[in-house]
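# Working through the structure, step by step
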Amino acid sequence: MMTVPMEPMSFITRSGLTPGNTIFVRVWEYGNNLFGTFSVCGRTPPPPVGCPIPTSVSSNSVTDNSANITWSCSGCLGTFIVEYGPPGFVPGTGATAGFGGTIINPATSGVALTGLDDDSLYDVYVRQNCGVDGFSNNQSTPYILETLPAPPANDNCSTPTVVGASGLSGSSENGTNNTGGSLSSCTFTINDGVWYSFTGTGGDVTINQSSAWDAEIAVYSACPPVSCIAGADDDTTFETVTFLTTLGVTYYLNIGYFLGSTSTNGAFTLSITFAPLPITISKISPTIWAKTI
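In this section: the sheet that holds strand β8 (residues 161–162). Spatially, the 5 strands line up as an open sheet ordered β8-β12-β17-β14-β15, and their pairing is mixed. Both outer strands of the open sheet, β8 and β15 (228–232), are each paired with one neighbouring strand and no more.

By the definition in use, this model includes 1 salt bridge. Its salt-bridge partner being Glu83, residue Arg127 comes within 2.9 Å of it at the nearest N-O pair. Of the two residues, Arg127 is situated in strand β6 (residues 121–129) and Glu83 in strand β3 (residues 79–85); the sequence distance between them amounts to 44 residues. Each member of the pair, Arg127 as well as Glu83, is classed as buried.

Taken as a whole and judged by the stated rule, the model has 3 disulfides. Between the sulfur atoms of Cys73 and its disulfide mate Cys76 the distance is 1.7 Å. On the sign convention where negative means left-handed, the S-S torsion of about -55° between Cys73 and Cys76 marks this disulfide as left-handed. As far as burial versus exposure is concerned, Cys73 and Cys76 are alike and both buried. Paired by a disulfide, Cys157 and Cys223 hold their sulfur atoms 2.0 Å apart. The sign of the S-S torsion, about 75°, decides the handedness of the disulfide formed by Cys157 and Cys223: right-handed.

Another point: the environment of Thr70. Locating Thr70 in the fold gives a position in strand β2 (residues 66–72). In this structure, the C-alpha to C-alpha distance between Thr70 and Asn60, residues 10 residues apart in sequence, is 7.8 Å. Setting aside residues no more than four positions away along its own chain, Thr70 makes contact with Ser56, Val57, Ser58, Ser59, Asn60, Ser109 and Gly110.

What follows concerns the sheet that holds strand β1 (residues 55–60). Pairing between the strands of a sheet comes from backbone hydrogen bonds, and it takes one of two forms, parallel or antiparallel. Taken together, the 3 strands give an open sheet; going across it, the order is β1-β2-β5, and neighbouring strands pair in antiparallel fashion. The open sheet is flanked by β1 and β5 (111–114), the only strands paired with a single partner. Averaged over all pairs of adjacent strands, the angle between strand axes in this sheet comes to 30°, irrespective of strand direction. For β1 and β2, the ladder comprises 4 bridges, and the chain directions are antiparallel. Within β2, the position partnered with Ser59 by the bridge is Ile69.

Another aspect to go through is the packing of aromatic side chains. The full count for this structure, using the stated rule, is 9 aromatic pairs. Ring geometry for Trp195 and Tyr220: centres 5.8 Å apart, planes at 50°, overall tilted. Pair noted here: Trp195 is in strand β12 (residues 194–199) and Tyr220 is in strand β14 (residues 215–220), with a separation of 25 residues, a long-range link. Accessibility classification places Trp195 together with Tyr220 in one group, the buried group. Ring pairs connect the aromatic residues Phe198, Phe243, Tyr251 and Phe274, which therefore count as one cluster.

What counts, and where the lines are drawn
Residues numbered from 1 in each chain as written. Predicted model: local features only at pLDDT ≥ 70, side-chain atom pairs only at ≥ 80, totals over all residues. Heavy atoms only, no water. Pairing = 2+ DSSP bridges. Helix = DSSP H or I, 4+ residues; strand = E, 2+ residues; numbered from the N terminus. Salt bridge = Lys/Arg side-chain N within 4 Å of Asp/Glu carboxyl O. Buried < 20%, exposed > 50% of the residue type's maximum accessible area, 1.4 Å probe, protein only. Disulfide = S-S within 2.5 Å. Contact = heavy atoms within 4.5 Å. Axes fitted to C-alpha atoms, helices over the stretch in contact; angles between N-to-C directions. Phe/Tyr/Trp six-rings, centres within 6.5 Å; stacked < 30°, edge-to-face > 60°.

Written out as structure tokens, the structure is:
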């Protein structure tokens, strides 16, 4: 058996590759028609010296379609690239986005991601552009961003759910104004929850509301709401209020938590009952019957 001494390890360096593309490597014997085993390995070059990877990636001001991304980078002098995409996507390198990724370049800490899908997850990476020293690697694991569900359709008094005399179920979950949105109510304050509207009949209307989270009732005659004209907050799971309406006036009903600065919210049931209007008889005309004999 002939032993062939090991040759020095050969290597090739490729740059400018597109993330997600497949690279084919061919290996063959050179010159002596010999056969045997061999090993092939690939690796990503380490980041350039002096180009650290950003750390502590996080988010704030998250909504159903946007979020701000923040990070730290001690001693960093370069600019930054933020890349985000669906869970599990492979991020790019340098200034090139990976397949399915979106980049913001340049970016500063606190940069806003917009146009996101509601109730969705995103992988977020941040890398540094160090100029002549090249680019840093991405962080080893992505920051996972989760957007909020879409707000209810009646989240604002300008888009209320129009109701008549009826009973219904509703929810203030995911309302965009439910955190810190405070209105002046007939009792004290109310969290800006969800909105309903109805038209006055000129008679009494009774509003009943039941929930497990101590929701409050507040009624206004304008949108945006100016002053409360009727409301109830009895610190219980059941609230009721009755007041005299004006014929033809549109009333705006807000169901929200009794503390204006608190984001507690959830499901509730609501009923609106209009009292029968009195029948007024202004004049009775006699009827004369005649019979010919």
